[in-house]
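Descriptive structure summary
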Amino acid sequence: MLEIPEAAVLAQQITQTFTGKTVRQVTAAHSPHKFAWYSGDPAAYAGLLAGTKLSASTARGGMVEIEAGDAVLLFSDGVNLRWHASAAEQPAKHQLLLEFADGSALSASVAMYGGLLCFQRGRSDNPYYLVALSKPSPLGEVFTPDYFAGLFTPEMDKLALKAFLATEQRIPGLGNGVLQDILYNARLHPKRKVNTLSSGQRETLYTAITATLRAMTLGGGRDTERDLFGNEGGYATKMSKNTVGKPCPVCGSLIVKEAYMGGSIYTCPGCQI
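My aim in this report is to walk through the structure given alongside it, one point at a time. (Residues numbered from 1 in each chain as written. Predicted model: local features only at pLDDT ≥ 70, side-chain atom pairs only at ≥ 80, totals over all residues. Heavy atoms only, no water.)

**Let's talk about the sheet that holds strand E8 (residues 105-110)**
Rules: DSSP-based pairing: two strands are paired if at least 2 bridges between them are found. Note on conventions: DSSP H or I runs of at least 4 residues are helices, E runs of at least 2 residues are strands, and numbering of each starts at the N terminus. Axis definition: a line fit to C-alpha positions, over the contact stretch in the case of helices; interaxial angles, taken between N-to-C directions, run 0 to 180 degrees. Note on contacts: a residue pair qualifies if any of its non-hydrogen atoms lie within 4.5 Å across the two residues.
If you trace the four strands from one edge of the open sheet to the other, you get E1-E7-E8-E6, paired in antiparallel fashion. In the strand order of this sheet, the two ends are held by strand E1 (23-28) and strand E6 (79-84), each with one partner. Neighbour-to-neighbour, the strand axes of the sheet open up by a mean angle of 15°, direction not taken into account. Pairing between E1 and strand E7 (residues 96-100): five bridges, direction antiparallel. Residue pairing for E7: Thr27 is matched across the bridge by Leu97. Across the sheet, helix H1 (residues 4-18) touches E6, E7 and E8, and the angle it forms with E6 is around 25°.

What follows is the structure in C-alpha cells.
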C-alpha cells in the first residue's frame, strides 16, 4: 500500500523516468474493478492527457501526483505503478495505461482498492488530497517538534496510538504499515493510550516518526512493497509479515501478530509497552 516512503520513492522515480515524455494514448478502466475509483468518467481521461507532456511528480502524503499539461494525475492507496520499456512488457490487465511517443508506458493497477484520479489543476475536491496539500510531511522541515506537540489535543487523550497516528489523516500518508516500525523504534505498543505518554515518550515518538520514515525513504521503500520497476524496497522492516515469529533483534522475544482496529499489528512483547 502507498504510504509516505513509497509515495516519495515513486514520485522521484516517475520524475526521473517520465518527465518530458509525450502521452500518445490513454486507456482507462480497461479491466473493470469494483474498487478502482476514478474522478468523473474515466473515458474523459484521454481528452485531458493525450498529447500532453508529463512534468514533475510529487508525493502528497501517501499519494503520488503527476502533472501533465493543465491536468493532474493522482494515485492513492492500493495502486501499483509500473514502468514498461515497450508494448511487449505491458500487462494484460490494468486500470489505467499511459503510452508514450517513445514506446514506453506507465501502467496503474489496483489490487484491493485504490484511487486513479485525473482532473484539471486546481479543480479537485478530493478531501484526502486537499488535507495532504494542507499539512506538512514528516519528511520535511515544517514538521517540527512543536507542530507534532500541537496534535496532542484533549480530544486525543483516550485514543490508542494506532488510532492517533494512523487514522483521520492527522499525519497524511502515515498508515498502519509504517506505523509498526515507528512504534517499535519508540518502544511503544499500538494499543497504548495517548494520555499515558510522558513528555519524554512524546519526544521519543516524534523522533521515531521522522527518523523511521526518512530511513524507509532513503532505503527505497519498505521490503513489503515494490517500486516503479517492480523491485522490492531496500528498507528491511522490523515489524511486518516478513518478521512475525522471528526473534526481536533487541531482546530476543518472538515477534507476534494480532488483529486490531480492522488490521494487523506486529509487536515485540519484550520491548513495547
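Resuming the write-up.
**Notes on unusual backbone geometry**
Negative phi values dominate among residues other than glycine, just as trans dominates among peptide bonds. This is how the line gets drawn: Accessibility here uses a 1.4 Å probe with only protein chains present; expressed as a share of the type maximum, an area under 20% marks a residue as buried, one over 50% as exposed, and anything in between as partly exposed.
One non-glycine residue, Ala29, lies in positive phi territory at about 60°. Checked against the element boundaries, Ala29 lands in the loop between E1 and strand E2 (36-38). Overall, the relative accessible area of 31% leaves Ala29 in the partly exposed class. Located in the positive-phi region is Gln169, a residue other than glycine, with phi close to 55°. Note that Gln169 resides in the loop between helix H5 (161-166) and helix H6 (176-186).

**Describing the sheet that holds E2**
Judged by pairing direction, the sheet is mixed, and its five strands sit side by side in the order E2-E9-E5-E4-E3 without closing on themselves. Whereas interior strands pair on both sides, the edge strands pair on one side only; in this sheet they are E2 and strand E3 (54-60). Sheet twist, expressed as the average angle between the axes of neighbouring strands with direction ignored, equals 15°. Bridge analysis of E2 against strand E9 (residues 114-120) gives three bridges, and the strand direction is parallel. Within E9, the position partnered with Ala36 by the bridge is Gly114. H1 contacts E3 and strand E4 (63-68) of the sheet and is inclined by roughly 175° relative to E3.

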